[in-house]
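# Per-entry structural report
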Amino acid sequence: MTQKQSRAIGQGVYALSAARRGLAAGQTGTAPGTISVLSTTGGVHGIPREGNLIEFGRNIEQVHVGIGQDDLRISRVHGTLSYRSDCWQLGNAGRVPLRLPESRMLFEGEEPLPLPPGYTPVFLRGSHHREYLLEIYVTGDDEARRAPRHEYLTDRPPPWPLEPDEKLALVALGQAYLYHERWPQPWTWNDTAGLLAALQPQAGWTGRRVAELAGRVRSRMSDEKYARSCGREPVPGLTRDQLCEPIGNMLNHNLLQELTRSATLVPRDLDLLD
């Protein structure tokens, strides 16, 4: 829907169609830099003009986009989207933090977060474990050139290459992730080695060998040249210099998260431990 077709509800802010079901597929008919914001109660889009402001929160009479109207955990004006320094920026004015992709949290009083072009889902946690979704879409410069490609082959990045002993050890180390446990953690080196020794009594598995193997895989996946050769981006958070003490299990947790997200390790790999 274009701005001329939309109902103006403020300077540079226009109501989205009430029939709009979501923004994940994009927002057509808007100029580059236009922001679209949507909740279950409706939404707006705003033009990229310095100082332009969109507010969202519980008080639907006070804000541009209402969210969590019956939930007192959600502030009356919970957050803002303002156009400053040639980009849209997300700010939190409420007590409850805003959760963004990759578990990024934005708290009250923090510097506003610049939003990249494309789709950004924002979650607000209310009372009784309820969560509310605020969809945000910033139109990019290439939006007009994008077209549906329904019949194209799926672009699947290849899994990370693993040697057979590496895969076996990492499946054992990360079986909690493959069993879909709610708060998974890696097994200890010794427990992993004990399981592998039971599977392969003559292979000489020890806790130290498992640790060295996992360290070797982390080093490769964090190396930019190696990652590019695999058709992937280097993975952050896999080396000690990238984390703050105490590190604990975080290096292996990040490793196993990446291996499962990339489908390098999948639940059927648990058959290796049978």
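To start, this report covers the structure provided alongside it. Position labels on residues start from 1 in each chain and follow its written sequence. Confidence filtering applies because this is a predicted model: local features only for residues at pLDDT of at least 70, side-chain atom pairs given and counted only at 80 or more, and all residues used for totals across whole chains, interfaces and linings. In computing side-chain properties, one takes all heavy atoms of the structure into account and sets aside hydrogens as well as water.

## Focus: the layout of surface pockets
Heads up, the rule is: In this analysis the probe radius is 1.4 Å and the grid spacing 1 Å, with only protein atoms considered; a cavity is a set of points the probe fits into but cannot get out of, a pocket is an open set with protein on both sides within 12 Å along at least five of seven lines, and lining residues have an atom within 4 Å of a point. Grid points are joined across faces, edges and corners, and a volume is the space filled by probe spheres set on the points. We call Asp, Glu, Lys and Arg charged. Ala, Val, Leu, Ile, Met, Phe, Trp, Tyr, Cys and Pro are nonpolar, and the rest, Gly among them, are polar.
The volume enclosed by the largest pocket comes to roughly 270 Å³. Along the lines of polarity and charge, the residues of the lining of the largest pocket split into 2 nonpolar, 5 polar and 3 charged.

## A short note on the side chain of histidine 78
Heads up, the condition is: A run of H or I in DSSP becomes a helix once it reaches four residues, and a run of E becomes a strand once it reaches two; helices and strands are each numbered from the N terminus. Contact criterion: two residues are considered in contact whenever any of their non-hydrogen atoms come within 4.5 Å of each other.
Here histidine 78 is to be found in the loop between strand 6 (65-66) and strand 7 (79-84). When sequence neighbours within four positions are dropped, the list of residues in contact with histidine 78 reads Phe56, Gly57, Arg73, Gly91, Asn92, Ala93, Gly94, Arg95, Val96, Leu98 and Leu124.

## Describing the sheet that holds strand 5 (residues 53-57)
Strand pairing within a sheet occurs via backbone hydrogen bonds; the two strands may be parallel or antiparallel. Put simply, the test is: When DSSP locates at least two bridges between a pair of strands, those strands are taken to pair.
An order of 6-5-7-8-11 is seen for the 5 strands of this open sheet, with the pairing classed as mixed. Every interior strand has two partners, whereas the edge strands, strand 6 and strand 11 (113-114), have only one. Bridging between strand 5 and strand 7 involves 4 bridges; their strand directions are antiparallel. Residue isoleucine 54 lies in a different strand from strand 7, and its bridge partner there is leucine 81.

## Some remarks on the pattern of salt bridges
Proximity of charged atoms lets side chains of opposite charge pair with each other. Rules: When a carboxyl oxygen of Asp or Glu lies within 4 Å of a side-chain nitrogen of Lys or Arg, that pair is called a salt bridge. Note on classification: 1.4 Å probe, protein chains only; a residue is buried when its accessible area is under 20% of the maximum for its type, exposed when over 50%, partly exposed between these limits.
The final tally for this structure, using the stated rule, is 11 salt bridges. With a closest N to O distance of 3.2 Å, arginine 208 and glutamate 212 form a salt bridge. Within this pair, arginine 208 and its partner glutamate 212 are both found in helix 4 (residues 207-222), separated by 4 residues, close to a single helical turn. Look at glutamate 212 and you get partly exposed, because its relative accessible area is 47%. What you see here is one network of salt bridges that share partners, running through Asp70, Asp71 and Arg130.

## Regarding the packing of helix 3 (residues 189-199) against helix 4
What counts here: Note on definitions: angles span 0 to 180 degrees between N-to-C directions of axes, and those axes are lines fitted to C-alpha atoms, for helices only across the stretch in contact. Any angle that falls under 35 degrees is termed roughly parallel, while one over 145 is termed roughly antiparallel, one within 65 to 115 roughly perpendicular, and all others oblique.
Remark: helix 3 packs on helix 4, axes separated minimally by 8 Å, with the N-to-C direction vectors making an angle of 105 degrees. When the axis of helix 3 is compared with that of helix 4, the two are roughly perpendicular. Here helix 3 contributes Trp189, Asn190, Thr192, Ala193 and Leu196 to the contact with helix 4, which in turn contributes Gly207, Val210, Ala211, Ala214 and Arg218. By residue class, the composition of the contact of helix 3 with helix 4 is 6 nonpolar, 3 polar and 1 charged.

## What to know about helix 4
Where we set the bar: A helix is expected to span 1.5 Å multiplied by its residue count minus one. The directions considered for the arc are those from the helix axis to the C-beta atoms.
When the terminal C-alpha atoms of helix 4 are compared, their 23 Å separation across 16 residues agrees well with the 22 Å that a helix rising 1.5 Å per residue should span. For helix 4, the full list of buried residues reads Gly207, Val210, Leu213, Ala214, Val217, Arg218, Met221 and Ser222. Considered in projection along helix 4, the buried side chains sweep an arc of 160 degrees and stay on one side of the axis. Next to the buried residues of helix 4 lie helix 1 (164-173), helix 3, helix 5 (224-229) and helix 6 (250-261).

## What about helix 3?
Among all positions of helix 3, only Thr192, Ala193 and Leu196 are buried. Taken around the axis of helix 3, the buried residues stretch over an arc of 95 degrees, which confines them to a single face. Summarising the geometry of helix 3, the exposed residues directed more than 90 degrees from the buried face are Asn190 and Ala198. For helix 3, the secondary structure elements touched by its buried residues are helix 1 and helix 4.

## Section: unusual backbone geometry
Going from glutamate 245 to proline 246, the amide bond is cis rather than trans, its omega being -5 degrees. For histidine 129, which is not glycine, the phi dihedral falls at a positive 65 degrees. Secondary-structure assignment places histidine 129 in the loop between strand 12 (118-125) and strand 13 (131-138). On the basis of relative accessible area, histidine 129 is assigned to the exposed category, the value being 66%. Despite not being glycine, alanine 263 has its phi angle at roughly 60 degrees, a positive value.

## Considerations on the environment of aspartate 274
Among the structural elements, aspartate 274 can be located in the segment after helix 6. Residue class for aspartate 274 comes out exposed when judged on its relative accessible area of 83%. For the pair formed by aspartate 274 and glutamate 61, sequence separation is 213 residues and the distance between their alpha carbons is 60 Å.

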